[in-house]
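Observations on chain architecture
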Amino acid sequence: FLIRHAAHQRRPRPIVVNCVWSAYTCGACSLSCGTGTQTCTRTKTTQEINGGSCSGTASKTQDCNAQACAPPSCPDVSSPTGYLKVTTKLTMKATATGSDTDAAFKAKVKTAIAVGGDTCEDDVTIDAFAKSSNSAVVDATVRYPVDATAASREAAIHRAVALMTKAMYMPNWVLPEQAHDASNTGAATPDLASNVTQVTCPAAKTYAEAAASVTAKDYAGARAALNHIALCNYQTGSSALGTSSMADVCNLLGFSNRKLSNPDVKLSELYYKRSLQIDVNHVAANGYLGELYVQTNKPALAREVLDDLKAMCPPPAGCDSLTYLRDAMAAAKMEEGAHVRKLNWDQCFNLACSPLNLEKGDKIEFKYSASHDVVKVADKSAFDACASGTTVGSASQGATGFVLDLNTVGTEYYVCGQSNHCSNGQKIEVKVHERTYAAPPSSGGSAPCYSASCDSPAPAKAGAAIAKPAGAALLATLAAALAL
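Residues numbered from 1 in each chain as written. Predicted model: local features only at pLDDT ≥ 70, side-chain atom pairs only at ≥ 80, totals over all residues. Heavy atoms only, no water.

Below, the discussion takes up the sheet that holds strand S10 (residues 340-344). If you trace the three strands from one edge of the open sheet to the other, you get S10-S12-S15, paired in mixed fashion. One side of each edge strand has no neighbouring strand; the edge strands of this open sheet are S10 and strand S15 (402-405). Looking at each pair of strands side by side, their axes are set apart by 25 degrees on average, direction ignored. Examined bridge by bridge, strand S12 (residues 363-367) and S15 share four bridges and lie antiparallel to one another. Bridging across to S15, glutamate 365 finds its partner in valine 403. (Pairing = 2+ DSSP bridges. Helix = DSSP H or I, 4+ residues; strand = E, 2+ residues; numbered from the N terminus. Axes fitted to C-alpha atoms, helices over the stretch in contact; angles between N-to-C directions.)

Rendered as structure tokens:
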């Protein structure tokens with residue numbers, strides 16, 4: 001027995017081994033210039049054992065080919081009968097020029113406008129440049145040649161609408177990187193020269209007809225009709241839209257560009273973002289922007305859109321746009337991550353934040369000043385009476401944020417316990433629902449298909465959530481909805 005006991009005592013303890021990763025191997029970049037993305041993967045060369053740890057993931061997505069693109073070739077219009085012209089005014093900070101001479105900076109702007117306007121530098125003219133202690137302003141004209149063919153006319157309209165959308169609403173897209181700043185502004189005006197370009201307003205097709213083309217999967221036809229509507233809107237104002245809104249037009253432009261046989265994902269992103277500039281709560285545009293980020297392998301951006309949709313489509317009802325995005329992420333094996341609803345507790349007087357519907361496993365981050373706290377009260381009666389309760393978030397926690405974990409299904413009640421804040425309505429009823437979403441198999445399930453030939457739901461009208469029937473029923477339903 002003594003011998004066996006001694007042998008047992010001498011037995012070595014297991015060695016804790018942490019994992020070891022191989023170097024990343026990166027795939028092809030999605031773009032040859034202008035900042036694309038690529039997926040990099042690695043494997044474990046040593047597995048963690050005996051309680052060892054392992055940090056990091058097997059894959060990551062990173063930017064690549066960030067260098068600026070060269071301007072494209074001039075449009076192939078050998079004998080133009082006229083030009084569709086766009087005049088722009090781009091206003092930047094005075095520091096945008098850096099150490100460049102005026103001539104050097106104007107040359108950079110000319111190149112950036114050509115790239116953003118999808119044309120050659122020969123068709124871009126810098127009309128004026130002025131610099132003061134506060135700003136640098138560039139006036140430029142871009143011309144798009146048109147001949148007697150419909151194809152040249154549609155190509156000119158397509159490029160002009162994209163350029164104007166960038167210049168007016170996202171001017172960094174048509175400026176050199178050194179000039180990028182959130183304060184930049186832009187203006188753009190089209191000169192249709194209809195006597196020679198045959199580009200006239202109002203557009204030949206209505207928004208409803210363009211939407212019907214989307215339903216019929218004629219994405220090129222839909223894009224042409226929508227571009228014409230947008231061009232006329234930029235020239236004459238909202239009267240060109242009929243009963244539709246520009247947010248809906250941009251949403252369908254984003255969808256049509258994404259569904260072409262040769263998808264233009266950069267323009268899709270442009271138009272989805274413009275739709276959301278007009279209407280931040282446009283459910284369909286949010287959903288499709290999220291799907292675009294799944295398609296282009298940008299999981300962090302997809303999660304941001306997912307969180308926005310969860311706020312727009314709270315449980316228990318949710319919405320189909322939210323479901324489709326979750327399906328797409330699950331099919332791409334993108335983890336949703338924890339949903340954290342950010343709450344400015346200082347702004348929650350007069351029941352402005354109540355009720356709040358979330359799911360089990362979600363979190364609330366309360367941000368507030370030192371004159372507030374977060375107190376949990378027992379029930380609805382205590383909530384209504386502003387009774388005392390248990391302080392869960394102290395006054396000192398508000399600056400960094402008090403995070404509340406929602407781990408139990410049911411209704412919880414929280415008030416501010418300071419002064420008369422609760423009686424003034426600084427309180428919130430939190431309804432915690434069971435998680436209802438079940439992810440489909442990673443092989444596909446109901447996740448959207450990104451091929452131009454497969455069935456995939458078309459956008460709904462006026463920012464509504466998209467319906468989820470299939471096949472012929474889908475087309476009939478959407479046709480009826482878009483005709484309204």
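Within the fold, cysteine 353 resides in the loop between S10 and strand S11 (356-359). Here cysteine 353 falls in the buried class, since its relative accessible area comes to 17%. Sequence separation of cysteine 353 and glutamine 426 is 73 residues, and the distance between their C-alpha atoms is 8.3 Å. Setting aside residues up to four positions removed in sequence, cysteine 353 forms contacts with Leu343, Gln347, Cys348 and Ile428. (Buried < 20%, exposed > 50% of the residue type's maximum accessible area, 1.4 Å probe, protein only. Contact = heavy atoms within 4.5 Å.)

Before going further, it helps to examine the packing of helix H5 (residues 207-215) against helix H7 (residues 246-258). Put simply, H5 and H7 touch, their axes get as near as 11 Å, and they point 25 degrees apart. The angle between the axes of H5 and H7 places the two elements in the roughly parallel class. By crossing handedness, the relation of H5 to H7 is classed as left-handed. The segment H5 lies against H7, with Tyr207, Ala211 and Val214 engaging Asp248, Val249, Leu252, Phe255 and Ser256. Broken down by class, the residue content of the contact of H5 with H7 amounts to six nonpolar, one polar and one charged. (Parallel < 35°, antiparallel > 145°, perpendicular 65-115°, else oblique. Left-handed = near helix turned anticlockwise from the far one by under 90°. Nonpolar A, V, L, I, M, F, W, Y, C, P; charged D, E, K, R; others polar.)

On to H7. Along its 13 residues, H7 runs 18 Å from first to last C-alpha, staying within 8% of the 18 Å computed at 1.5 Å per residue. In terms of burial, H7 is largely enclosed, as 13 of its 13 residues are buried. (Expected span 1.5 Å × (residues − 1).)

For the structure shown, the criterion picks out nine disulfides. Shown here is the disulfide that connects cysteine 201 with cysteine 232, its sulfur atoms set 2.1 Å apart. An S-S torsion of about -95 degrees defines the bridge between cysteine 201 and cysteine 232 as left-handed. In this pair, cysteine 201 is assigned in the loop between helix H4 (194-197) and H5 and cysteine 232 in helix H6 (residues 219-236), connecting sequence segments 31 residues apart. The partly exposed category is assigned to cysteine 201, whose relative accessible area is 28%. Among the residues examined, cysteine 232 registers a relative accessible area of 1% and is labelled buried. (Disulfide = S-S within 2.5 Å.)

The strand order across the open sheet formed by five strands is S11-S17-S16-S13-S14, and the pairing between neighbours is mixed. The open sheet has two edge strands with one neighbour each: S11 and strand S14 (390-393). Neighbour-to-neighbour, the strand axes of the sheet open up by a mean angle of 35 degrees, direction not taken into account. For strand S13 (residues 374-377) and S14, the ladder comprises three bridges, and the chain directions are antiparallel. Looking across to S14, one finds that valine 375 is bridged to threonine 391.

Relative to the elements of secondary structure, glutamate 336 occurs in the loop between helix H11 (320-331) and S10. Note on glutamate 336: relative accessible area 18%, which makes it buried. Within polar-contact distance, the side chain of glutamate 336 engages the side chain of lysine 310 at 3.1 Å. Side-chain polar atoms of glutamate 336 contact the side chain of arginine 326, separated by 2.9 Å. Among all residues touching glutamate 336, those that are not within four sequence positions of it are Arg303, Leu306, Lys310, Arg326, Met329, Arg435 and Tyr437. (Polar contact = N/O pair within 3.5 Å; in protein donor to acceptor, adjacent residues only side chain to side chain.)

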